[in-house]
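Coordinate inspection notes
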Amino acid sequence: MRHRLAAGNWKMHGLAADLAEIDALLAAHPAPACEVVVCPPATLLSRLAARLDRTPYMAGGQDCHAAPKGAHTGDIAAAMLADAGASFVILGPSERRADHGETSALVAAKARAARAAGLTPILCLGETEAERDAGRTLEVLSAQLAESLPDGSDAALVLAYEPVWAIGSGRTPTPAQIAEAHGHLRSQLARHLGAGPAQAVRLLYGGSVKPENAAAIFAVPEVDGALVGGASLKAAEFGAIIAALGAAA
Ligand code: PEP
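Some remarks on the site of the ligand
Close to the ligand lie 13 residues; Lys11, Glu162, Gly168, Ser208 and Gly229 are nearest. A distance of 3.4 Å is found between an oxygen atom of the ligand and a side-chain nitrogen or oxygen belonging to asparagine 9. A distance of 2.9 Å is found between an oxygen atom of the ligand and a backbone nitrogen or oxygen belonging to glycine 230. Protein contact buries 96% of the 290 Å² of open area that the ligand shows by itself. Its atoms largely coinciding with the cavity grid, the ligand occupies the second largest pocket. Residues of the shell around the ligand, tallied by class, amount to four nonpolar, seven polar and two charged.

Laid out in structure tokens, this is it:
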């Protein structure tokens, strides 16, 4: 039995005053029927974690360095995220792959560092629009998964299928396209981890999840939750998505 998970990715949004959205979320949904993790910018992580203390909500980071520490100006080690109160860390989202040239091999190294620090990696992968149009979606997902999984991986990770063309665009794949991608990832996980551990890995969908489309997405087989960008910034929207996921559980 996999616990459903709603993960909010605030990306480079949020000042201290925006933590009022978290207060509103906690007030409206004090006991969600699914797991919820909020990943704010690193500057807000410890303040967010303090607010989430003694609640069912969890905090996460948005990236970590592959090294445990060192001379890496501006970077954040996984142990620092854990020390600030994070339980999860998002790794390999398309924006970091595009803006920072992150390869799947680097994502695997970061996932290894995250695990060593006790964090659960949320590994992101997904095809571009050109790759989908060329009929290469499943091949691309297979390769990204094979290269992004750290050696010796077990079920202590979360995968997020995020078609690049759906992120922040307002466009979403059809339920059949999501089902195909998630079914493929599940079978590829079984090849890498073995059938038992593969069944325990949560597969999130990410890309323009909104209150309006959440229930339909959560009804798709093999969708265990969502990685939510823009809609996670507002308590009313993220709360509605959390409620839809709880109702689907
Ligand atoms: C994301 O950041 O992972 C994401 C899916 O963004 P959005 O929900 O805004 O498309």
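Remarks on the sheet that holds strand 3 (residues 58–61)
Taken in spatial order, the eight strands close into a barrel running 1-2-3-4-5-6-7-8, and their pairing is parallel. Neighbour-to-neighbour, the strand axes of the sheet open up by a mean angle of 25°, direction not taken into account. When strand 1 (residues 5–9) meets strand 8 (residues 225–228), the two strands line up parallel, connected through four bridges. Pairing of alanine 7 across the sheet is with leucine 227, part of strand 8. The strands touched by helix 8 (residues 175–193) within the sheet are strand 5 (120–125), strand 6 (158–161) and strand 7 (202–206), with strand 7 carrying the most contacts at an inclination of about 150°.

Concerning the layout of surface pockets
Size it by volume and the largest pocket reaches roughly 620 Å³. What lines the largest pocket is a set of 24 residues, and nearest its centre among them are Lys11, Met12, Gln62, Asp63 and Arg96. For the lining of the largest pocket, the elements supplying multiple residues, two or more each, are strand 3 and helix 4 (94–99). With three residues, helix 4 is the single largest residue contributor to the lining of the largest pocket. When grouped by side-chain class, the residues that make up the lining of the largest pocket number 10 nonpolar, eight polar and six charged.

Calculation rules
Residues numbered from 1 in each chain as written. Predicted model: local features only at pLDDT ≥ 70, side-chain atom pairs only at ≥ 80, totals over all residues. Heavy atoms only, no water. Near = heavy atom within 4 Å. Polar contact = N/O pair within 3.5 Å; in protein donor to acceptor, adjacent residues only side chain to side chain. Areas by Shrake-Rupley, 256 points an atom, 1.4 Å probe, with all protein chains shown as cover. 1 Å grid on protein atoms, 1.4 Å probe; cavity = no way out; pocket = protein on both sides within 12 Å on 5 of 7 lines; lining within 4 Å. Sits in = over half its atoms within 2 Å of the grid points. Nonpolar A, V, L, I, M, F, W, Y, C, P; charged D, E, K, R; others polar. Pairing = 2+ DSSP bridges. Helix = DSSP H or I, 4+ residues; strand = E, 2+ residues; numbered from the N terminus. Axes fitted to C-alpha atoms, helices over the stretch in contact; angles between N-to-C directions. Contact = heavy atoms within 4.5 Å. Points joined across faces, edges and corners; volume = space filled by probe spheres on them.

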